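Summary of structural features
The lines below spell out each chain.
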Amino acid sequence: MSAEESAPARTAIGIGFGNSYSSIAYTTGDGKAEVIANEEGDRQIPSILSYIEGEEFQGTQAKAQLIRNPKNTVAYFRDFLGKDFKSIDPSPCHASAHPVEHSSGIAFSIRDTEAESENTVTVSEITTRHLKRLKTSASDFLGKEVNAAVITVPTDYSVAQKEGLKASAKGAGIEVLQFIHEPVSAVLAYDARPDAKLSDKIILVADLGGTRSDVAVVASRGGMYSILATAHDYDLGGAKLDKVLIDHFAKEFIKKHKTDPRKNERSLAKLKLESEATRKALSLGATASFSVESLADGIDFTATINRTRFELLANKVFGSFIRLIEGAVQKAELDVLDIDEIILTGGTSHTPKIASNLQTHFPQSTAILAPATSVTAINPSELSARGAAIQASLIAEYDTEDIEQSTHPMVTVTPHISKAIGVLCISDDEQKGIFKKLVEAETAVPARRTAHFAVPREGGDVIVKICEGVREIKVSKPEPKPKTNGKPEGEDDVDDDEDDEDEDDEDEEDEIREKVWKAGKVLAETAVKGVKKGGKVEVQVNVGGDLAVQLIVREVGGKGGVRGNIGKPTTVENGSA
Amino acid sequence: MTAVTQVALPLPILPEGWSAEKDFKAVGPLSPPTQRNIEPVGPHFLAHARRKRHKRTFSEDERIQAQETAKKVEDDDAGEISEPEDPLMLQRDAKDWKGQDHYAVLGLSKHRYRATEDQIKRAHRKKVLKHHPDKKAAAGSTEDDSFFKCIQKATEVLLDPVKRRQFDSVDEGANVETPSKKQTQRGNFYKLWNPVFDSEARFSKVHPVPCLGDENSSKDDVYNFYEFWYHFDSWRSFEYQDEDVPDDNENRDQKRHVEKKNQNRRKKLKTEDTQRLRKLVDDALALDERIKKFKQQEYNEKNKKKLEKEAEAKRAQEEAKKAKEEEARLAKERDEAEKAEKAEGKKAKEAAKNAAKKNKRVLRGAAKDANYFHEGGNAPADKIDKALADVDLVIAKIDNEQLALLSSKLNGKTDAAEIKSIFVDEVKTITGAGKIKEGEIKSF
């Protein structure tokens, strides 16, 4: 890693620190992010710590302790960090060590030493221990001491929580280079693929975790990401799906043996653990078996379930996932047609039904990046750690001060263009002409875009009319004839070859909704004279930090060209300090 | 974004009568923007932050970045394998591989023994890509793969650590010519000799090898340096130049003979090499100005002590002499002064004595003049005795000065009464002073 060269030799990794699972990733010499497996071979390490007679267990081993030793097993603690007791929801910890109030926030009362008495261990101490284990795993794998990391956090993580996490990391000997938001980390992981092309797109990132789900609508503009809206659901997650399976198998058991395994704590824990395993198996295969030894009253229980059955049972839960995601789109004041890409991240995203449900709810032009719908999708459980590792490799060489300055609101808060800027094609009449956008709405300024425009066949003088565009959703009845002014929305993505017509007649819907662009306010007009036959006109739009626009219009290969400036709007509060 | 979007739709034709200054007409500004937070993540954000913090525009930033990358590439490429190929070398026959310069074949003659394994591998790959017989065949030339074989042989030798050492031992290309005495005297010793020792250092079994240093090197460093070179532990060996041992089994004697010859040759060459190195170090030592400097310094140091000692002794001697003289002088002075004083004292004493005698005489004379204080007629003898005794008593009781005073008072006085009164006064003063008891002197 390039970090070695910097003066205080930094070995930086990316940590995806989740409520249920954590993962660690590093970047190889050629800039590819790889997720590190811990000593047990797990790439997703349960964020669980368990203590038996002073011995500490972490990860899968600790998770197994939820059955026999729940009182001294700490789980789902990430969201408690940096919060006070009143504001937390302790329900996920129902089956493990319970959080208690403590002078410095939240603590767990566990027997973490050989002594019989219980110790109060603060959540920050627990986090430190957990991070220490992650660090050891990474150091063992890399063969050198890891001392810095980029850690992912949910979008609603407060400053206090970040500070708390930073302090815990410091306790574990990890310098936190930066906190990055989980959805953005996922986007970065996809964009850092070598074959990824930069384009302006709206990405919806659905982070479906073990206990909670977060959705973010991210505008990706020339590789820069702005979050347009977020939505959170603190109950929805893999645990909800597990609950469906628990109930299902509990009923089966009751049918056979007349006892409810959910009544007994230990049986419930067993059910829960096996349900999770079954759910994961169902994400991969069409059927999965469920077997627990001595589930209740010493009776072993074995059953099988197929995917269809599970999907039927969990239909309601799947519905709430879709509702959450659609809610986020509405919150961003966008239409489903605006979403160019959906990235599913988090362990629950493996569930194929969620991805296929999204496929039916979003237009075909929307690419859904989930293992079930796209073969090239990256493992959703690893996305956030990978993104963090890439970011870590990018900034590992920087000084801490440099990083701080670069992430300061002075730099990050910028004006975003509210309406797309484009050029009118075919006709100079705003009503008849076709608006071809150059700079998308929600692009952070300063921004620069260049496009080559064709000219009429015979060449000659042309007019370049720069105007603002308004996106409208056109609803029309399906007609057999092809669109006359065919402007499929996919055409905007140069890398997508989906710009063939959208209307699929097998669509059950009666009407076709499509995105059309209307030219709005004209910003400037320029003339390019004497363009050669078959020539092209290059239009470059430079939007300055103060929203003044500089235009360069010239014939490709020609000399000179027209330069012009459009003054900045008077009402702008200047964001580029 | 640098990518250029291609739009197939044609631009509209310029309407009649449209005109504007410089063909540009600004109509209105943009709609007001929304303030949002960019996520500080990803390479493009870092570029954005860089631009914003340094207040660069897109093109400025691109230029600066391009410069930096160009620099980096240059740095990386500085050691790249891009040497021109000697046409003669391309004609080489692979059979004569012992005579070929493997580094030159791979285009690494700049690096030689310094070339890393990675460099050799890359160089090999590059050369193979260029000289592979298939390529040559495709290009239409003859299927001459002799140079390709040379490349393979060179790589084989250089990638095998043992063979590489053997080749490095006899690699003439890496030797640096020893500067002659004249050259050294004319030029800079350190500049001329440093490369020599650097190249010799490649044979050292011990690392790090101390460096020659410069004129400011400390004495210890310089001595260490020569110490190291006089005890140089070299891995240099001369198997590479062995005569081929016939591997047929028919003539064992011949084989042994050749083997023995080779052994002896190696030994000889090794001894010669050791001698050569020794001579080289000797030469360097002889020419090294620093050694002379240190010698001179040492000599000065030694002499300084000696001189100092001598000077010290001399000074001490002189001081002693001076002290003695001084003492003698002082003693003499003191003697003289004493003598003078004595003489003076004697004179004064005598004078005082004389004066006292005279005064006494005056007193006695006065007593006689006063008729020994007897009224009327000649004084009887006892009275004369008494009077004289009293006068003597007075004389004895008063000191010289009083005596002189008294005598001056009495001098010239003949009147008996007057003399008596003077004596009476004198006696009174003496009695007042308590020197004699009242009534002791009865004559007056």
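Residues numbered from 1 in each chain as written. Chains lettered and ligands numbered in written order. Predicted model: local features only at pLDDT ≥ 70, side-chain atom pairs only at ≥ 80, totals over all residues. Heavy atoms only, no water.

The criterion, for reference: UniProt positions are given in the numbering used here, feature names are shortened, and annotations may be inferred rather than shown by experiment.
An unreviewed UniProt entry lists chain B under the name DnaJ-domain-containing protein, with Viridothelium virens given as the organism. One UniProt comment on chain B, placed under Subcellular location (unreviewed entry), says "Cytoplasm".

An unreviewed UniProt entry lists chain A under the name Chaperone dnaK, from Viridothelium virens.

1. Let's talk about the packing of aromatic side chains
For clarity, the cut-off: Here the aromatic set is Phe, Tyr and Trp, taking the six-membered ring for Trp, and pairing holds for ring centres within 6.5 Å; pairs whose planes are under 30 degrees apart are stacked, those over 60 apart are edge-to-face, and all others are tilted. Each residue is placed in one exposure class: buried if its accessible area under a 1.4 Å probe, protein chains only, is under 20% of its type's maximum, exposed if it is over 50%, and partly exposed if it falls in between. Only Lys NZ and Arg CZ are tested; either one counts as a charge over a ring when it is within 6 Å of the ring centre and within 35 degrees of the ring normal.
Following the criterion strictly, the structure yields 24 aromatic pairs over all chains and no others. Ring plane angle 85 degrees and centroid distance 6.1 Å describe the contact between Phe310 of chain A and Phe318 of chain A, whose orientation is recorded as edge-to-face. Residue Phe318 of chain A is classed as buried on the basis of its relative accessible area of 1%. An aromatic cluster is defined as three or more aromatic residues linked by ring pairs; in this entry it consists of Phe189, Tyr190, Trp193, Phe197, Phe225, Tyr226, Phe228, Trp229 and Phe232 of chain B. The ring of Tyr240 of chain B has Lys98 of chain B sitting right over it, with the charged end atom 5.4 Å from the ring centre. A cation over a ring is seen here: Arg165 of chain B above Trp235 of chain B, with NZ or CZ 4.2 Å from the ring centre.

2. A few points about the sheet that holds strand E3 (residues 34-39) of chain B
Short version of the rule: Think of it this way: DSSP has to see at least two bridges between two strands before they count as a pair. Each helix corresponds to a stretch of at least 4 residues labelled H or I by DSSP, and each strand to a stretch of at least 2 residues labelled E; elements are numbered beginning at the N terminus. For every element, the axis is a line fit to its C-alpha atoms; helices are fit only across the contacting stretch, and the angle between N-to-C directions ranges from 0 to 180 degrees. Contacts were defined at the residue level, with two residues in contact if any of their heavy atoms lie within 4.5 Å.
Spatially, the seven strands line up as an open sheet ordered E19(A)-E18(A)-E13(A)-E14(A)-E15(A)-E3(B)-E20(A), and their pairing is mixed. Looking along the sheet, the strands with just one partner apiece sit at the ends: strand E19 (367-369) and strand E20 (413-416) of chain A. Ignoring which end each strand starts from, the neighbouring axes of this sheet average 35 degrees apart. Packing of helix H4 (residues 182-191) of chain A onto the sheet brings it into contact with strand E13 (201-208), strand E14 (213-221), strand E15 (224-233), strand E18 (341-345) and E19 of chain A together with E3 of chain B, and relative to E13 of chain A it is tilted by some 120 degrees. Contacts from helix H8 (residues 315-331) of chain A reach E13, E14 and E15 of chain A, with the element oriented near 135 degrees to E15 of chain A.

3. Points about the sheet that holds strand E8 (residues 99-102) of chain A
Residues and elements named next belong to chain A. The three strands lie next to each other as E8-E9-E10, forming an open sheet whose pairing is antiparallel. The sheet is open, and its two borders are formed by E8 and strand E10 (119-122), each paired with just one other strand. Here the strands of the sheet are splayed against their neighbours by 45 degrees on average, with no regard to which way each runs. Looking at chain direction, strand E9 (residues 105-110) and E10 are connected through four bridges and run antiparallel. Each residue of the ladder has a partner; that of Phe108, found in E10, is Val121.

4. Quick look at unusual backbone geometry
All names here are of chain A. Here Val445 and Pro446 are connected by a cis peptide whose omega angle stands at -5 degrees. Of note, Pro446 is situated in the loop between strand E22 (434-439) and strand E23 (447-454). Although it is not a glycine, Lys258 sits at a positive phi angle of roughly 60 degrees. With respect to the helices, strands and loops of the structure, Lys258 is situated in the loop between helix H5 (238-257) and helix H6 (265-284). Phi at Glu442 takes a positive value of approximately 65 degrees, unusual for a residue other than glycine. Looking at the element boundaries, Glu442 is found in the loop between E22 and E23.

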